[in-house]
Each structure stands twice: as C-alpha cells, then as structure tokens.
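# Structural features, examined
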Amino acid sequence: MAKHETPLLDQLESGPWPSFVADIKQQAEVRAKNEEGIELQIPEEVCDDLLGVLELSYSDGETHWKHGGIVGVFGYGGGVIGRYCDQPEQFPGVAHFHTVRVAQPNGKYYTTEFLRNIMKIWEMRGSGLTNMHGSTGDIVFLGTTTPQLEEIFYELTHDVEVDLGGSGSNLRTPASCLGKSRCEYACYDTQAACYDLTMEYQDELHRPAFPYKFKFKFDGCPNGCVAAMARSDFSVVGIWRDEIRIDQEAVAAYVGGEFAPNAGAHSGRDWGKFDIQKEVVDLCPGKCIKYEDGKLSINDKECMHCMHCINTMPRALMIGNDRGASILCGAKAPILDGPQLSSLLVPFIKVEEPFDELKELIENIWDWWMEEGKNRERLGETMRRMGFQKLLEVTGIEADARHVQEPRHNPYIFWKADEVEGSWDRDINEYRKRHQR
Amino acid sequence: MAFVSSGYNPDKPMENRNSDIGPRKFDEFLPPVIKKNFGAWKYHEILEPGILVHVAESGDEVYSVRCGTARLMSVVHIKEMCDIADKHCDGYLRFTTRNNVEFMVDSKDKVDALKADLLSRKFNGGSYKFPIGGTGAGVSNIVHTQGWVHCHTPATDASGTVKVIMDELFDEFTGHNMPAPVRIAVACCLNMCGACHCSDIAVVGIHRKPPLIDHEHLDNLCEIPLAVAACPTGAVRPSKVEVDGTTYKTVAIKEERCMFCGNCYTMCPSLPLSDSEGDGIALMVGGKISNRISQPKFSKVVVAYIPNEPPRWPTLTKTIRTIVDVYSKEANKYERLGDWAERIGWERFFEKTGIKFTKHLIDDFRDPAYYTWRQSTQFKF
Ligand code: HEM
Ligand code: SF4
Ligand code: SF4
Ligand code: SF4
Ligand code: SF4
C-alpha cells in the first residue's frame, strides 16, 4: 500500500514512454519488502516520500526543495549537492536528500559487474534513485543524508575505484562522444583525450579555485554528438585538413540505389529515388562537389568540413588522413549575459598523447581567466568583456581570417602605443609650435 | 537500521583515503568486439529505427539496439538492464549523451531475441521499459534537468514534461519520419542545466513574478552585496525596512527592471520567486549544434508563455505537435527545423504554424537584441 495518495502522478504511468513514476513506485515497493535484508542506511520510505512531495508540487505548481545547503566530503569542494525538503514533517524520508555526482567512464560504456557494484552501494546508502546520467555526464545518485556521504565516498573509492565528479566553481567532469570506440567519423581519440585531461586536472575538478564553472567537452567530428560547441568553455571538435577519401564504386552504389543514403536515417518515409545532385552536390555549403560522368569529385580546398556529404554517403566518403581538432572557447547557457556558442580559437591542432599542446593552451587560458574573471563569470563572458584579442594575446595565437565570420563593422580600434610609429609620447609645446591655441 | 561503517574513520579522515583517483578508465568497459576494432570502423548503417550496425575494417560487426529511458531511474531498473546485458550482450551496455541505453551484440543472429526481450518488458501502468528508437531522422530522447523532483529553482517540472512530450512524439521516436533529426531539450529554469539554447525544440521553465523579499530573515541568511551584485539588470539595491517596529537591513527590488532570471535567489534564499500562477514555460525552436550544412545556431522563443498544466501539460504538447507536424510536412529532406524556418522566413513560420506573434517575442535584452531586429525592407507580406 502506497504511503501517499498520488492521483496526479498516477496519470504519468499511462502512455508508451518509460514512466519514472512507475519506476519510483517499484523501487519503493522493493525497499518496503527488503527481501534481500539490506541494512538500509537512510529511511525506508524515501521513495514514497519523494513521490509524496512531488505530488504536492504537482498540485500546487511550486517546488518544495530548499535552497542549497553546503555539504560535501572532506577535502573536496565539489561532487555533492546539498538538498533539503521544505516540508520535512510531512515527508521525513526526504528531509535530507543530497545528490552525489560520480565520475562516469568516457563514452559511458559499462560492465554489468561495475554497475551492479555501484548500485549495491546506492541501494544501501541512498534512495536507490539515480539519473543516468546528469547533464554534464556524471552518474548522479539522487538523495542521501549527510552521515552517509563519507561512507559512500569511501566505498566508491575503495571498493569500486571510482571518484566523485565536479560541481561548484571548478572544472566540471569532462565528457566526450563515443569517438573511435564505435564511430568511423572520429578524427582523434576523444575518450583517451578526455580521460587524460580528467586525470591531469583532478585538483581543479575537486577544489574550486575558479571564478565559476569550467567545462571541457570532446567531439570527434563536426557532427557534435556531445554538443561541445554549445555547452563547453573549451570545446575540442575533431576535424581533418586534407582530402575526403572517395570510393567511386560505393558512390555508384548510392546512385544506383543499392545503399540507403544517410545510413538509412530517412527510411520511415518515401522521399523518392536518391538524387545525388540535389541531395549532396547542391547542399554542400562549400559548393565544392561535382558529380559528372558518374564520378564524384571534391575540391577539398573549398570544403567547409560540415560532414554533410560524409553523413549522406558514409560508405563512399571518409574523413581525410591528416586529422586533429579545432579548439573553440566560451560556450554557456543564458545566465547571466545571454547564451553564447563557442568561438573558434585554434583552427587545427594535433590531438595526440601526451596532449601537451592542449594542456599548454588550457593552462594559459586558466591563468588569464583566474586573474581577470569576475566572480560567477564564465570564460565566454570574460572574453566578451575583455575582447577576443586578449585571448589571442594570452595564448600567443596569431590572428587569422578564420577567427571571424566577417571583419569588424566599426573602426573604433584599440591601437596600442607600441603599435604606432613614434609611440604615444608627444610634447604639447612641440604641437603648439605648429598649431596656435 | 543500525549504522554500518564502510571503514571510514571520522577521527582520522585522511587514513586510507583515496583522493583524486578519477573515473574508471573507459577501456575496461568496452565490449570485446569494440575493443578489438577500436579506431578501425569502416561504416555504419541504421537497419531499422533504433538498430544500428557498425562494420569494422576487419569485417567484424557490432549491432546496437538503442532504447529510450526516463533518465531518472531506479536501482531496480538498472539491475534489470544488467540482467538483459548479461543474458544477451556478455555483460556490457552503454548509455548515450541523450539518456538512451544501448545494448550491443556482435552478430546479427542475436538481434531478434534481444529486441523481443526488450519490447516485452513493461512497467506496471503499461509503459515500455525499453522502447526502441532514437536514431536517424526522428526524435531522440529529451535531454533534461531536475525540475520539481530535485531542484530549488524550477519554474516547471522536467521529468513530467519529458514524459508527456515523449508520449506524444512516440511514433517520431520509433520512426524515421522526419526530414532531419529533431533534438528536444527541457530546462526547468533559465540556468538551463539541461541546455536548451541550441535545440530544435526547447522547453524552458520561466518565472514571471519578481522575487518575494523575506525582510525579517534576509540579513541573517544572505550577504546583501552578493544579492545586489548578482542581478544582471541592477534591479536589486540595499535598503532598510521597518516591520513591527524593528528595522531590518534588507534589499529593495525595482520590479519593472526584473527579468525573472532567479540569479538573486541563487545568491540569497530570502528572495524566492516561484509562484504557481507566475511560473510556466517558454517554447523555443530552431536551434542546432551540429555543423552539418549550416552552422550551429541558437533556439528562438516562439511562444513566450505556456501555463503549467500538470500532470499532462496539454497546451504544451499540442503546440509541440503542431510545430512538428507542420515542419515535417513542409521541410526538405536533410533540412533542420531552424533551417526550414529561415528558408521560408519567420513571418511564414508563424503563419503556417498558426502561432500568434506577440511583442514578447521581440528581444529587448542588451546589445544582442539589436541584431535580431529587421533592418531591411526585405520581408514578406
Ligand atoms: C556512430 C555513431 C554516430 C554517428 C555516425 C552519428 C552521426 C551523427 C550525425 C550524422 C549527426 C548530424 C546530424 C544532422 O545534423 O543531420 C549527429 C549529430 C548528433 N548526434 Fe550523433 N552520431 C553517432 C552517435 C551518436 C550518439 C550515440 C548520440 C547520443 C545519443 C549522438 C547524438 C548526437 C547529437 C546530440 C547530435 C547533434 C544534433 C544537433 O545538431 O542538435 N550521436 N550525429
Ligand atoms: S561527434 Fe562525430 S565522431 Fe563523435 S560520435 Fe558523433 S559523429 Fe561520431
Ligand atoms: S564536408 Fe560539407 S563542405 Fe565539405 S565537401 Fe562535404 S558537403 Fe561539402
Ligand atoms: S535548470 Fe534550473 S531548475 Fe532545472 S535543475 Fe537546473 S538549476 Fe534547477
Ligand atoms: S530575478 Fe533576476 S532580474 Fe529579477 S531581481 Fe533577481 S537577479 Fe534581478
């Protein structure tokens, strides 16, 4: 018998999409029965009370979680988000309901052995509810009490050898696309790069020392499957700079209808016969593809690296051999100054172990941002306030036409004294010799 | 419920402490066929919605079956995933950035049994546990945030809105019937933990009433200068207020300057702004992140306010349904929602979807607003 009536939430059990309400209920039931005899370390009714407090929010249209509360594990500034209910008498099971972020393996592959082990910790020491995964990529354990935090940390780091992720004004848990593990478009090893930098910067990840949060994300190609350019301060996006490789026989097979275009992505509808001219040549933003006499050719110098032709004919076209990544900086969500996408800083960089070039770049940017960034100012906002030239200066990168969509509209140029012949030191008396007062 | 110690000793917190060990290394978790062909994949194909095959240069194949999930999931549910992976996939599985779960097998013979097993599993109440889809020119799972389930600043729920939208778009999840991928995101407040600013369709919780001020407690709970500095529009200033004969140090808010962002509340719990009538949803469309054909772009607000109507948010789902249907009918193959809207012009977008254009859709926040006004006589009647 459920502890609270939840007539509104119950309506979310119907419909085909997996119901979180049904799932929380099944966890509530398992906890109540506790057939495995687990020594539950937080209240047995935590799942029931979560449903209860959520039902209350559904009926009155407002959240019932209190603001903040600083909790964490010894020596770390991040990884745990404190949470308290504002109706603790009514819902004692969730009076304390803190979130624990656990670092995810890059690419989010798991063995069932590992998953079962971390679940074992969580059903005993937490609510048994999770987010797989949090927005940043961490495994998110939803809901435990303060005395359990060190215990969870101890078991995670000793029994399953995994650490907490980031939260607060620090490096957030870096995330990558699945990259070379299963994608033929990956221009570098996103997982290896992500892992290496995550390990290198554990201190920055766990001990807040930044003006605000900082995120790296690693996309293996311009398709952007982890949305690096939209949501990371330092976005690494795979790219090639030589020729797209072409298999003419496979091109013919697409034209002939033997291979489905776009790997079969449009199979649900009759779009008519594949028209290579209309669907590939005409849509190429570089206008650099020709299809003549049954042969496809690309003027690679004009290619914009958009991935469209490759996505459309994955068996005929392949990324080039000279591979690396572009680095873009400064993406963020609207708070405070409106949303920003990442801006191109390095058009091409080799991304190879030990990733020294990447690290040098990151550290130069951090030094500048930590010096100049205001409290709660993301890198993108610092860039906007101080100017893109400042970023070039601190990273020692030469300005390049690729850095802009178009050159500036206004001639209010901040020349520096040493850029002007004779510098700025002038004598007013000398001037007056030439010009009367 | 006796306390069970893990071995941690609070008197000597540094004893045997393992700090900064990071995540487990990804290659411990790769299925053997993936590990063997790492970096040597030749091509992939989507055999049917939700089912991919990747073919390696060696000739090896891996078949991935992608299933939607609610993201908020229980240990019981995850153990069920583990059972499936043990039974069919040699004990490996993976999650995607969009909160799908993928089961991988190394031969085609194993796909049908896996598929049948996944589709046979249902929650009490009848919803699928593992609906198959989320690939190609369709709707994948919704990236979303915490909402009323776990956050202190939401203006709407996330798990609930996601559930009702995905129920509505279930055929688009299990099918390839769109002109191009349609990516949806839900963020329950402007912090956008779930990041909406570049999605084809973005659901964003918004407040519409300025913060309440808890005068008698503010100075005890908050740093007044922090609350003042937090406001992007300078609406908050220090002040004094007399309540029942006692003078309190507090803040005053210039209400007409407030854009309801909630930053002051993030800095100061004595400035709550949630309100059942004030809160609701702004609907945004036309953003994208991939560089394919056109450049990444921001989503644009097309409905300034939709009320919260829990548990099933009918106005929200109906509006999304309309947009998806018109887009699906009118757009060209490969054309993302935002590219379509730009091609036909936003005046036509509003005409064709029947969404009313209002003054709230004209930007008035700082410099970037100016770049969104029309400075031309090139427009359509
Ligand atoms: C072999 C694996 C994959 C391939 C070949 C692939 C291919 C693509 C392609 C072609 C696009 C561009 C879509 C377009 O604009 O037309 C894309 C974008 C994207 N993919 Fe993947 N993808 C793969 C894996 C994944 C996975 C596993 C996920 C997560 C579930 C994912 C999430 C995304 C996202 C979020 C985008 C960006 C869409 C946007 O612009 O908003 N991809 N991917
Ligand atoms: S970003 Fe590119 S390389 Fe990475 S998974 Fe997506 S398509 Fe593949
Ligand atoms: S990647 Fe894009 S720009 Fe380059 S050739 Fe292909 S379609 Fe054209
Ligand atoms: S988007 Fe806002 S309300 Fe939602 S989880 Fe993030 S901070 Fe909380
Ligand atoms: S909600 Fe935002 S705009 Fe309004 S007073 Fe608070 S910080 Fe300022």
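The preceding data block contains the structure.
Along every chain, residues carry numbers that run from 1 in the direction the sequence is written. Following the order in which they are written, the chains are lettered starting with A and the ligands numbered starting with 1. Under the rules for a predicted model, residues below a pLDDT of 70 receive no local features and side-chain atom pairs below 80 are neither given nor counted, while totals for whole chains, interfaces and linings still include all residues. Processing note: side-chain calculations cover all non-hydrogen atoms of the structure and skip hydrogens and water entirely.

## Points about the overall build of chain B
Rules: Only DSSP runs of H or I with at least four residues qualify as helices, and only runs of E with at least two residues qualify as strands; both kinds are numbered from the N terminus onward. Working definition: with a 1.4 Å probe on protein chains only, accessible area under 20% of the residue-type maximum means buried, over 50% means exposed, and in between means partly exposed. Residues are treated as being in contact if the distance between any of their heavy atoms lies within 4.5 Å. Each accessible area is a Shrake-Rupley estimate made with a 1.4 Å probe; only the visible protein chains count as cover when residues are assessed. For the charge count, each Lys or Arg is scored as positive and each Asp or Glu as negative, with His and the chain ends excluded. Charge coordinates come from a single atom per side chain, which is NZ of Lys, CZ of Arg, CG of Asp or CD of Glu.
The secondary structure content of chain B amounts to eleven helices and twelve strands. In terms of its C-alpha atoms, chain B occupies a principal-axis envelope of roughly 80 × 75 × 40 Å. The buried share of chain B, reckoned over its 381 residues, is 57%. Restricting to contacts in chain B with at least 6 residues of sequence separation, those with at least 24 account for 63%. Accessible area of chain B: about 15,600 Å², with a carbon and sulfur share of 50%. Of note, chain B has its 46 positive side-chain charges centred 4 Å away from the centre of its 47 negative side-chain charges.

## Let's talk about the site of ligand 1
We count it as follows: Nearness here has a simple test: a residue counts as near a molecule or strand if at least one of its heavy atoms is within 4 Å of that partner. Polar contact is defined as a pair of N or O atoms within 3.5 Å, subject to the rule that within protein one atom must be able to donate a hydrogen and the other to accept it, and that residues adjacent in sequence are counted only when both atoms are side-chain atoms. Each residue receives one of three labels: charged for Asp, Glu, Lys and Arg, nonpolar for Ala, Val, Leu, Ile, Met, Phe, Trp, Tyr, Cys and Pro, and polar for the others, Gly being one of them.
Taken together, 20 residues surround ligand 1, and among them Cys225(A), His54(B), Thr96(B), Ser290(B) and Arg336(B) come closest. Proximal residues around ligand 1 fall on chains A and B, making this an inter-chain site. Within the backbone of Ile289(B), an N or O atom sits 3.1 Å from an oxygen atom of ligand 1. In terms of residue class, the shell around ligand 1 is built from five nonpolar, eight polar and seven charged.

## Quick word on empty space enclosed by the protein
All names here are of chain A. Defined as follows: As defined here, a cavity is a set of points on a 1 Å grid over the protein atoms alone where a 1.4 Å probe fits but cannot get out. A pocket is an open set with protein on both sides within 12 Å along at least five of seven lines, and residues line them when an atom is within 4 Å of a point. Grid points are joined across faces, edges and corners, and a volume is the space filled by probe spheres set on the points.
Summed over the entire model, instances satisfying the criterion amount to four cavities of 30 Å³ or more. Cys 284, Ile 289, Cys 303, Cys 306 and Cys 309 are, among the 17 residues lining the largest cavity, the residues nearest its centre. Considering every element that reaches the lining of the largest cavity, the biggest residue donor is helix H11 (residues 308-312), with three residues. Per-class residue counts for the lining of the largest cavity are 14 nonpolar, three polar and no charged. In this structure, the second largest cavity encloses a volume near 90 Å³. Partitioning the lining of the second largest cavity into residue classes produces twelve nonpolar, two polar and no charged.

## A look at the environment of Ser19(A)
Structurally, the position occupied by Ser19(A) is in the loop between helix H1 (7-10) and helix H2 (20-33). Residue classification places Ser19(A) among the buried positions, given a relative accessible area of 1%. For the pair Ser19(A) and Leu9(A), spaced ten residues apart in sequence, the C-alpha separation works out to 10.0 Å. Discounting residues that sit within four places of it in the chain, Ser19(A) has contacts with Leu12(A), Glu13(A), Phe123(B), Ser127(B) and Lys163(B). A polar side-chain atom of Ser19(A) sits 3.1 Å from the main-chain amide nitrogen of Ala22(A).

## Regarding helix H14 (residues 388-395) of chain A
Residues and elements named next belong to chain A. As a reminder of what qualifies: The arc in question is the one spanned by the directions pointing from the helix axis to the C-beta atoms.
Taken residue by residue, H14 has Leu 391, Leu 392 and Thr 395 as its buried positions. Projection of H14 onto a plane perpendicular to its axis shows the buried side chains occupying an angular sector of 100 degrees, all on one side. Next to the buried residues of H14 lie strand S13 (323-329), strand S14 (343-349), helix H12 (356-372) and helix H13 (379-386). Once H14 ends, the next one or two residues include Gly 396, with phi positive near 65 degrees.

## Focus: a negative patch on the surface
All names here are of chain A. How we decide: Patches draw on residues past 30% relative accessible area with no salt bridge. Two like charges within 9 Å are joined, as are two nonpolar side chains (Val, Leu, Ile, Met, Phe, Trp, Tyr) within 5 Å. The salt bridge definition used is simple: a Lys or Arg side-chain nitrogen within 4 Å of an Asp or Glu carboxyl oxygen.
Negative charge collects at one region of the surface, where Glu 352, Asp 356, Glu 357, Glu 360, Glu 363, Asp 367, Glu 371 and Glu 372 lie side by side. Within the secondary structure, Glu 360 sits in helix H12. Residue Glu 360 is classed as exposed on the basis of its relative accessible area of 53%.

## Comments concerning the coordination of the iron atom of ligand 1
Definition in use: For Na, K and Ca the donor cutoff is 3.2 Å, while for all other metals N, O and S atoms count as donors only within 2.8 Å; water does not appear among the atoms, so some sites may look incomplete.
When only protein atoms are considered, the iron atom of ligand 1 has one donor, Cys225(A) (SG), at a distance of 2.2 Å. By the element assignment, Cys225(A) lies in the loop between strand S7 (216-219) and helix H8 (228-231).

## Section: the pattern of salt bridges
Any two side chains of opposite charge can pair if their charged atoms end up close together. Residues and elements named next belong to chain B. All told, the structure shown has 55 salt bridges over all chains when counted by the stated rule. Here Lys 300 and Glu 342 are joined by a salt bridge, their closest N and O atoms 3.9 Å apart. Here Lys 300 is found in strand S12 (residues 300-307), whereas its partner Glu 342 is found in helix H10 (residues 337-344), with 42 residues between them in sequence. Close ionic contact of Glu 335 with Arg 343 constitutes a salt bridge, the shortest N to O distance being 2.6 Å. The class of Arg 343 is partly exposed, set by a relative accessible area of 41%. Shared partners join several salt bridges into a network, and the residues in it are Glu 80, Lys 87, Asp 117, Arg 121 and Lys 129.

## With respect to the packing of H10(B) against helix H11 (residues 346-353) of chain B
Residues and elements named next belong to chain B. Counted only if it meets this: The convention used is that axes are lines fitted to C-alpha atoms, helices contributing only their stretch in contact, and that angles between N-to-C directions extend from 0 to 180 degrees. Note that the term roughly parallel is reserved for angles under 35 degrees, roughly antiparallel for angles over 145, roughly perpendicular for angles of 65 to 115, and oblique for everything else.
Two elements in contact, H10 and H11, have axes separated by 6 Å at closest approach and are oriented at 105 degrees. The orientation of H10 with respect to H11, classified from their angle, is roughly perpendicular. From H10, Leu 337, Trp 340, Ala 341, Glu 342 and Ile 344 reach across to H11, where they touch Trp 346, Arg 348, Phe 349 and Lys 352. Residues that form the contact of H10 with H11 fall into these classes: six nonpolar, no polar and three charged.

## Observations regarding the interface of chain A and chain B
Rules: A quick way to say it: buried area is the sum, across both parts, of accessible area lost when two parts are put together, with a 1.4 Å probe.
Contact residues are listed per partner, giving 142 residues for chain A and 143 residues for chain B. When the two sides are added together, the surface that chain A and chain B hide from each other amounts to roughly 12,500 Å², 59% of it contributed by carbon and sulfur. For the chain A face of the interface with chain B, the top three residues by lost area are Trp17(A), His67(A) and Arg182(A), together amounting to 8%. Between chain A and chain B we count ten salt bridges in total.

## Overview of the sheet that holds strand S3 (residues 61-67) of chain B
Going by this rule: Here a strand pair is declared whenever DSSP counts at least two bridges between the two strands.
Taken in spatial order, the six strands line up as S3(A)-S5(B)-S6(B)-S3(B)-S2(B)-S1(B) in an open sheet, and their pairing is antiparallel. With partners counted over all chains shown, the strands left at the sheet margins are strand S3 (109-111) of chain A together with strand S1 (41-48) of chain B, one partner each. Going from strand to strand, the sheet's axes swing by 25 degrees on average, the running direction of each strand aside. Two elements, S3(B) and strand S6 (residues 101-105) of chain B, share five bridges in a ladder whose sense is antiparallel. In the strand pairing of S6(B), Ser64(B) is matched with Met104(B). Contacts between helix H4 (residues 112-125) of chain A and the sheet are confined to S3 of chain A together with strand S5 (92-95) of chain B, with S3(A) contributing the most and set at about 80 degrees to the helix.

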